[in-house]
Every structure is written in structure tokens, then in C-alpha cells.
Amino acid sequence: MSNVKIEASWKKALANEFDQPYFQKLTSFLKAEKAKGKVIYPPGSLIFNAFDRTPFDEVKVVILGQDPYHNPGEAMGLSFSVPKGVRVPPSLKNIYKELYSDLKISPPQHGDLSEWSAQGVFLLNAMLTVEHKKAGSHQKSGWQEFTAAVIKKLSDERDGLVFMLWGNFAKSKGDLIDKTKHLVLEAAHPSPLARGAYFDSKHFSKANEYFKKNGQKPIDWQLS
């Protein structure tokens with residue numbers, strides 16, 4: 001466990017997970033894939049970026065993605081986010097359209113969502129790694145068990161969080177969440193493949209209304 005480089009509060013919260021057999025297998029799997037010369041995204045230093053940027057006790061919103069972008073330079077360890085200077089992916093463009101429709105927030109000229117992370121928006125992918133050009137390639141590697149434990153830990157030990165589950169894959173994780181103490185918002189996936197079914201979900205304003213009602217500071221969804 002001591003060799004897992006992850007933010008201290010998460011390391012403490014997830015201590016039991018790092019000692020589980022599935023996590024040992026996952027670590028071995030990733031080492032073996034790299035030994036074969038396979039290109040894995042994101043870079044090793046960014047695999048736990050979502051955790052490093054949003055400590056356990058600071059999480060307010062969870063936006064669950066599926067797996068990292070699988071093209072060079074895109075994945076940065078935050079669901080739906082890409083570094084500045086990288087083309088904004090279609091799903092994120094649709095998230096920006098919904099943000100404008102919901103809160104009249106104009107889209108930025110980049111796809112970096114780090115500012116959301118700093119406010120407690122936990123941008124979690126169900127799988128934290130992926131092979132170059134092979135979407136879903138690490139789906140059975142053990143990451144799903146790990147991130148399921150993450151979601152359950154947040155549900156059990158925190159109160160008043162907002163979970164945004166976009167698409168059937170994310171919705172399937174809803175059973176891990178205690179809906180009596182958290183707000184769970186569901187919508188279609190923002191991918192263009194959903195043919196616009198994601199639009200008009202108003203999750204951004206609903207989250208902020210929930211926080212205001214509970215005496216918490218709302219999220220400033222405007223990106224600089």
C-alpha cells in the first residue's frame with residue numbers, strides 16, 4: 001500500500017482497498033502491459049489526479065465518467081476533462097452547451113475542468129486507465145471494484161453530496177449510493193451518440209439549489 005501515490009486523506013480512507021487481492025492484480029496487470037510496450041493513458045503521475053485535486057473531505061459533487069480518453073495528450077485523470085491546448089471533445093462540448101442552457105454560462109476556449117475540482121467537484125472515471133486507441137480496454141482489470149469502493153465510501157461516510165450519473169453505465173452505480181442522505185441526479189450521456197437526450201437535465205442548477213437549501217456554498221461552474 002505504501003507505494004501507491006495518492007492524496008493523504010484518500011490514502012487513509014481507502015487503506016483497506018490497496019491491500020485487497022484485486023488491487024494487487026490490478027497493479028501487476030498495469031506493470032505487465034507497460035512491460036509489453038503498450039501505451040497507457042493517462043501518464044502514471046495523473047492516474048489519481050481526481051483524488052489528488054479533490055481531497056476526501058472536500059468532495060461536494062461526483063461526476064462519474066466511464067474511462068479516460070484514449071488519444072495522445074487528452075487524458076488527465078479527470079473525467080471529461082482535457083488539458084488546455086487540446087481540442088475540446090464532443091461530450092464536453094455538449095456539457096458546455098447544457099451549462100449555457102441551464103445557467104447561461106458561456107463555454108471557455110479550453111476543456112480543462114481543474115477549476116471545478118478545486119471547488120469539490122470529484123471528476124471520477126470508473127476505470128482510471130486505458131490502452132492507446134482502445135476504449136474500455138481496462139474494463140476488467142480491477143478498476144471497477146476500486147471505484148465502486150470509492151463511491152460507496154463517499155456515500156457511507158459523507159453527507160449531502162450530489163452524484164451526477166450520466167448514461168447507463170454511470171446509472172448502474174446508483175445502487176452504491178444512499179439516496180436518503182445524498183442527491184442523485186441521472187441523465188443520458190452527454191455523448192453525441194445519445195442524440196441530445198442529455199440536454200435540459202439542468203443538473204448544474206439543481207446541484208446548486210440543493211447546496212443552498214442545505215446551507216452550503218454553491219459551485220461556481222464558470223471556467224476562466
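It should be noted that the structure appears before, not after, this text.
Structure report, in brief. None of these values were measured; they are calculated from a predicted model.

**Overview of helix H3 (residues 21-35)**
Part 1 of the argument: Compared with the 21 Å implied by 1.5 Å per residue over 15 residues, the 21 Å span of H3 between its first and last C-alpha is a close match.
Part 2 of the argument: On its buried side, H3 packs onto helix H2 (15-18), strand S1 (40-41), strand S4 (130-131) and helix H7 (143-157).

**What to know about empty space enclosed by the protein**
Part 1 of the argument: According to the stated counting rule, one finds one cavity of 30 Å³ or more in the structure shown.
Part 2 of the argument: Reported here for the largest cavity is a volume of approximately 30 Å³.
Part 3 of the argument: Taken together, Pro42, Ile47, Pro68, Gly77, Asn125, Met127 and Leu128 make up the full set of residues lining the largest cavity.
Part 4 of the argument: Taken together, the residues of the lining of the largest cavity break down into five nonpolar, two polar and no charged.

**Topic: the layout of surface pockets**
Part 1 of the argument: By volume, the largest pocket is sized at about 620 Å³.
Part 2 of the argument: In terms of lining, the largest pocket is formed by 32 residues, of which the most central are Asp67, Pro68, Tyr69, Ser91 and His189.
Part 3 of the argument: When residues of the lining of the largest pocket are traced back to their parent elements, those giving at least two are strand S2 (61-65), helix H5 (90-103) and helix H8 (168-171).
Part 4 of the argument: Split into classes, the residues belonging to the lining of the largest pocket amount to 15 nonpolar, 14 polar and three charged.

**Topic: the packing of H3 against H7**
Part 1 of the argument: Their axes nearest at 9 Å, the elements H3 and H7 cross at an angle of 130°. As summarised for this structure, H3 and H7 are arranged oblique, according to the angle between their axes. Considering the relative orientation of H3 and H7, their crossing is left-handed. Between H3 and H7, the residues in contact are Tyr22, Phe23, Leu26 and Leu30 and Trp143, Glu145 and Phe146, respectively.
Part 2 of the argument: Partitioning the contact of H3 with H7 into residue classes produces six nonpolar, no polar and one charged.

**A look at the packing of H5 against helix H9 (residues 203-213)**
Part 1 of the argument: It is at 8 Å that the axes of H5 and H9 come closest, and there the two elements cross at 55°. By the angle class used here, H5 and H9 are oblique. Contacts between H5 and H9 involve Ile95, Glu98, Leu99, Asp102 and Leu103 from the first element and His203, Phe204 and Ser205 from the second.
Part 2 of the argument: Within the contact of H5 with H9, the residues separate by chemical class into four nonpolar, two polar and two charged.

Each value, and the rule that gives it
- Along each chain, the written sequence defines residue order, and numbers are assigned to residues from 1.
- Since the coordinates come from a predicted model, pLDDT governs what is reported: local features require at least 70, and pairs of side-chain atoms require 80 or more to be given and counted, while whole-chain, interface and lining totals use all residues.
- Based on all heavy atoms of the structure, the side-chain values leave hydrogens and waters out of the count.
- What counts as a helix is a DSSP run of H or I of at least four residues, what counts as a strand is a run of E of at least two, and both are numbered from the N terminus.
- One fewer than the residue count of a helix, multiplied by 1.5 Å, yields its expected span.
- Contacts were defined at the residue level, with two residues in contact if any of their heavy atoms lie within 4.5 Å.
- In the cavity and pocket records, a cavity denotes points on a 1 Å grid over the protein atoms alone where a 1.4 Å probe fits but cannot get out, a pocket denotes an open set with protein on both sides within 12 Å along at least 5 of 7 lines, and lining residues are residues with an atom within 4 Å of a point.
- Grid points are joined across faces, edges and corners, and a volume is the space filled by probe spheres set on the points.
- Polar here means any residue other than Ala, Val, Leu, Ile, Met, Phe, Trp, Tyr, Cys and Pro, which are nonpolar, and Asp, Glu, Lys and Arg, which are charged; Gly is therefore polar.
- Interaxial angles span 0 to 180 degrees and are taken between N-to-C directions of axes, which are lines fitted to C-alpha atoms, for helices over the stretch in contact.
- Comment on the angle field: the value is read as roughly parallel under 35 degrees, roughly antiparallel over 145, roughly perpendicular from 65 to 115, and oblique elsewhere.
- Should the near helix be turned anticlockwise from the far one by less than a right angle, the crossing is left-handed, and should it be turned clockwise, the crossing is right-handed.

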